[in-house]
Each structure stands twice: as structure tokens, then as C-alpha cells.
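Here is how the chains run, residue by residue.
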Amino acid sequence: MSATVLTLEDVRVTYGEGAAAVHALNGISLDVRRGEVTMLMGPSGSGKTTLLQVMGCLLRPSAGRVRLFGESLEGAALAALTELRRRHVGFVFQHYNLFPTLKAWENVAIALDLRGAPRETLRPRALALLERLGLADRAEHYPAELSGGQKQRVAIARALAGQPVLLLADEPTAALDGATGQAVAASLKALAHELDCAVVVVSHDPRVLPYGDRVLELEDGRLKSDRRHGGNAHA
Ligand SMILES: Nc1ncnc2c1ncn2[C@@H]1O[C@H](COP(=O)(O)OP(=O)(O)OP(=O)(O)O)[C@@H](O)[C@H]1O
């Protein structure tokens, strides 16, 4: 069985107060394991992005407990959370967030540089990551010269530069056509297995579902279903 990276216990998030309070998460308990792609589905407003932010230590829950590698993050200082995120978590967004004035390899290299990689290793390591995503021949191109799927692969290579144990992707295929979205989802799945990394993907797109080892469905801030491919149901 794969190792647990993250555990959520009865996590609740409330935005605002009093009459204006929005209960975005209403008691979520789950664990996320290495080597697995978890698809997070659910209607608009069901709490997917909020849950991803809690998983990525970007947002503290209003109640409940988050454990990273078995250690509770409750009471951890902001600086400690930032450091945990920097060391262990990678993010991929719908709109890629690449630097337009940097070439593909430089977009990846900057993430390595930020983590203190020796200067002479930046280019070879960035190229190796791009090669892994099938982009070796696009390394010298600027984002504007790349297709949507290629840009998203560069963003994934950049997110992997920090060797995260947890890769969180918010609607990574939403801006892509069906076939390209499926190719990106297939890359994420291959990488999760190859790098033994836990990948969580928020998606509205039912076409990417087959690339999840597990599908979580949220409704009104609650876990409506938790299915593993192979019929190994959990919740
Ligand atoms: N910063 C905020 N302040 C107040 N309410 C918020 C805030 N962020 C989200 N919400 C509310 O919390 C609920 C869950 O939002 P969330 O963005 O997590 O849903 P989602 O499932 O990701 O939606 P979508 O699919 O539309 O992106 C919604 O009712 C939303 O309006």
C-alpha cells in the first residue's frame, strides 16, 4: 500500500462571520497517498479550490486537523507552513502562470534557482525535466510560441523542479481541448507513478476522470463519494 502523505481530519472552513458566513468545507476527512492521482470533482462552489488550498498549506482550516507526513500542522507558524509548502508541494494552475519573457527551460530553471540549486546545474536539470514531459525540442521557445498543452507541460515541469511529494493542480486542463487535456492528464498520471508523488487534480472535465486512480466528489463542502478505480470504495 502506498504511503500516506497528507491526512485531513474533520476539516472545516468558514469564510466570513455571522449572517455572511459561508461554510465552504463542512467536515472533510481523507488521506492522500504517494503514487496516486486523485481527481477532485464537484459542482461550482462545492469547495474544491478551498480543499486544494488547505491541502497545499495555503489556507488554515477553521476547525479540524491537517497532518503532513503524520505531523499535525495545527499551531504551526506561518513561516513554518511556507517552508513546508516550498519543500514538499508543487502547484499547477489553469492559466499556466509562466513568465512570458523567459524561455521554456528558463521558466523551469527559475524554480530550481529559487530552491538553491547550483547555477551550473540549472540548465541541464531544466532540460531533463522538459525531456521527461516530452518537450526537449521546445526548451528554447518562449511561452507565446507554445501550444496550450505544451505550456501546461512546462508548468508541470516547473512544479516538479522542487521534487514535491504532493502536486496540486487546479483545473489544469480547463483551457485545453479534449485530446490535449487528456494528454496532460496522462502525463500527470505517469509522473505520479514514476516519481511516487501524490497528485491531486481539481477538474470539471469528465474526460480526465479515467486518469485518476481515485475520484473524490464534493457537494456542499462534504465528501459525497470516494471511489478507487478497481471498485475499492472508501467512503
Ligand atoms: N475568499 C472567500 N470569501 C468568501 N467566500 C468564499 C471565498 N472563497 C470561496 N468562497 C465561497 O466558498 C464556497 C466554496 O468555494 P470554492 O472556490 O472552494 O468552490 P469550487 O468548488 O472550487 O468552485 P468552482 O468550481 O466554481 O471553482 C463558495 O460558496 C464560494 O463562494
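Since the model is a prediction, treat every value here as computed from it, not as a measurement.

Strands sit in the order E6-E7-E8-E3-E9-E10 across an open sheet of 6 strands; the sheet is mixed. Either end of the sheet is taken by a strand with one partner, and the two such strands are strand E6 (89–92) and strand E10 (222–228). The average undirected angle you get between the axes of adjacent strands in this sheet is 15°. Across 4 bridges, the pairing between strand E3 (residues 37–41) and strand E9 (residues 214–219) is parallel. Following the sheet pairing, Met-41 is matched in E9 by Glu-217.

Look at helix H5 (residues 148–160) against helix H6 (residues 178–195): their axes get within 9 Å of each other, and the N-to-C directions meet at 20°. When the axes of H5 and H6 are compared, the pair comes out roughly parallel. The hand of the H5/H6 crossing is right-handed. Along the contact surface, H5 presents Gly-148, Gly-149, Gln-152, Arg-153, Ile-156 and Leu-160, while H6 presents Thr-180, Ala-183, Val-184, Ser-187, Leu-188 and Leu-191.

This part covers the environment of His-23. Positionally, His-23 belongs in strand E2 (residues 22–33). Judged by C-beta crowding, with 16 C-beta atoms within 10 Å, His-23 ranks as partly exposed. Between the C-alpha atoms of His-23 and Asp-220, which are 197 residues apart in sequence, the distance is 8.3 Å. Excluding its chain neighbours within four sequence positions, the residues that come into contact with His-23 are Thr-14 and Gly-221.

In this structure, Leu-40, Val-108, Leu-130, Leu-188, Val-199 and Val-201 are the most contacted members of the largest nonpolar core, which totals 65 residues. Apart from residues lying up to four places away in sequence, Val-201 is in contact with Val-37, Met-39, Leu-40, Ala-169, Pro-172, Leu-188 and Val-208.

Turning to the sheet that holds strand E5 (residues 71–72), a few remarks are in order. Taken in spatial order, the 4 strands of this open sheet run E2-E1-E4-E5, and their pairing is antiparallel. In this open sheet, the two edge strands, each paired with only one partner strand, are E2 and E5. Across 5 bridges, strand E1 (residues 4–15) lies against strand E4 (residues 63–68) in antiparallel orientation. Bridge pairing links Leu-8 to Val-66 in E4. Set on the sheet, helix H1 (residues 48–55) makes contact with E1, E2 and E4; between it and E2 the angle comes to about 55°.

Turning next to the pairing of E4. The pairing of E4 with E5 spans 2 bridges and is classified as antiparallel. In the strand pairing of E5, Leu-68 is matched with Glu-71. Linking two consecutive strands that pair antiparallel, namely E4 and E5, is a turn of 2 residues; a positive phi of about 50° is found at Phe-69 within it.

Another aspect to go through is the site of the ligand. Every residue close to the ligand is listed here: Tyr-15, Gly-16, Val-22, Ala-24, Gly-42, Ser-44, Gly-45, Ser-46, Gly-47, Lys-48, Thr-49 and Thr-50. For the shell around the ligand, the elements supplying multiple residues, two or more each, are E2 and H1. When residues of the shell around the ligand are assigned to their parent elements, the largest contribution, 3 residues, is made by H1. Grouping the constituent residues of the shell around the ligand by class yields 3 nonpolar, 8 polar and 1 charged.

Before going further, it helps to spend a moment on unusual backbone geometry. Non-glycine residue Phe-69 carries a positive phi angle of around 50°. The topology assignment puts Phe-69 in the loop between E4 and E5. The exposure class assigned to Phe-69 is exposed, which follows from the 12 C-beta atoms found within 10 Å. Phi is positive for Glu-171, which is not a glycine, with a value near 50°. Within the secondary structure layout, Glu-171 lies in the loop between strand E7 (166–170) and H6.

With 97% of its residues at a pLDDT of 70 or more, the chain shows a mean pLDDT of 90. Counted against residues more than four places away or in other chains, residues 231–235, with its pLDDT under 50, gives 8 contacts. Interface confidence for the predicted complex, given as ipTM, is 0.96, next to a pTM of 0.89.

Along the polypeptide, Arg-158 turns up in helix H5. Remark: the alpha-carbon pair of Arg-158 and Val-108, spanning 50 residues in sequence, is separated by 4.4 Å. With residues up to four places along the chain from it excluded, the contact list for Arg-158 reads Asn-107, Val-108 and Ala-111.

Rules used in this analysis
- Residues numbered from 1 in each chain as written.
- Predicted model: local features only at pLDDT ≥ 70, side-chain atom pairs only at ≥ 80, totals over all residues.
- Pairing = 2+ DSSP bridges.
- Helix = DSSP H or I, 4+ residues; strand = E, 2+ residues; numbered from the N terminus.
- Axes fitted to C-alpha atoms, helices over the stretch in contact; angles between N-to-C directions.
- Parallel < 35°, antiparallel > 145°, perpendicular 65-115°, else oblique.
- Left-handed = near helix turned anticlockwise from the far one by under 90°.
- Contact = placed C-beta atoms within 7 Å.
- Buried ≥ 20, exposed ≤ 12 C-beta atoms within 10 Å, placed from the backbone.
- Core = buried A, V, L, I, M, F, W, Y, C linked by C-beta atoms within 7 Å.
- Near = placed C-beta within 6 Å.
- Nonpolar A, V, L, I, M, F, W, Y, C, P; charged D, E, K, R; others polar.
- pLDDT = per-residue confidence, 0-100.

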